[in-house]
Amino acid sequence: MTTATAELLTVPEVMARLKLGRSTIYDLIRSRRLTSITIGRSRRIPADAVREFIVDQIEETA
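A word on the side chain of Ser36
Reasoning step 1: Its place among the elements puts Ser36 in the loop between α3 (22–30) and β2 (37–39).
Reasoning step 2: Given a relative accessible area of 18%, Ser36 falls into the buried group.
Reasoning step 3: For Ser36, the side chain forms a polar contact with the side chain of Arg43, separated by 2.9 Å.
Reasoning step 4: Sequence-distant contacts of Ser36, defined by excluding residues within four places in its chain, comprise Ile29, Arg43, Arg44, Ile45 and Pro46.

In structure tokens, the structure reads:
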């Protein structure tokens, strides 16, 4: 497992990377467009999932 694969981001970190609001991030998670995991009571998003989401968005608009 590489560091990029192992990197887990918090919702605020994903908000900052995507320049989106908290409710939008949770909507993306709820609709399964953005993969996440729960550890205890904390929600984490793999960095790879954020990259995949961006690629998917680019492909959708192309």
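A short note on a negative patch on the surface
Reasoning step 1: Taken together, the side chains of Glu52, Asp56, Glu59 and Glu60 make up a negatively charged region of the molecular surface.
Reasoning step 2: The residue Glu60 is located in helix α4 (residues 47–61) in this model.

A closer look at the confidence of the model for the protein chain
Reasoning step 1: Mean pLDDT for the protein chain: 92, with 90% of residues reaching 70 or above.
Reasoning step 2: By mean pLDDT, the top-scoring element of the protein chain is α3 (98), and the lowest-scoring one is helix α1 (residues 3–6) (56).

Re the sheet that holds strand β1 (residues 8–9)
Reasoning step 1: Taking strand neighbours across the sheet as the criterion, the 3 strands line up as β1-β3-β2 in an open arrangement whose pairing is antiparallel. Edge positions in the open sheet fall to β1 and β2, since each of these has one partner strand only.
Reasoning step 2: Inspection of the sheet shows β2 paired to strand β3 (residues 42–46) by 3 bridges, in the antiparallel sense. Residue pairing across strands places Thr38 opposite Arg43, the latter belonging to β3.

Procedures and definitions
Residues numbered from 1 in each chain as written. Predicted model: local features only at pLDDT ≥ 70, side-chain atom pairs only at ≥ 80, totals over all residues. Heavy atoms only, no water. Helix = DSSP H or I, 4+ residues; strand = E, 2+ residues; numbered from the N terminus. Buried < 20%, exposed > 50% of the residue type's maximum accessible area, 1.4 Å probe, protein only. Polar contact = N/O pair within 3.5 Å; in protein donor to acceptor, adjacent residues only side chain to side chain. Contact = heavy atoms within 4.5 Å. Patch = residues over 30% accessible without salt bridge, like charges linked within 9 Å, V, L, I, M, F, W, Y side chains within 5 Å. Areas by Shrake-Rupley, 256 points an atom, 1.4 Å probe, with all protein chains shown as cover. Salt bridge = Lys/Arg side-chain N within 4 Å of Asp/Glu carboxyl O. Lys, Arg positive; Asp, Glu negative; His and termini not counted. Charge placed at Lys NZ, Arg CZ, Asp CG, Glu CD. pLDDT = per-residue confidence, 0-100. Pairing = 2+ DSSP bridges.

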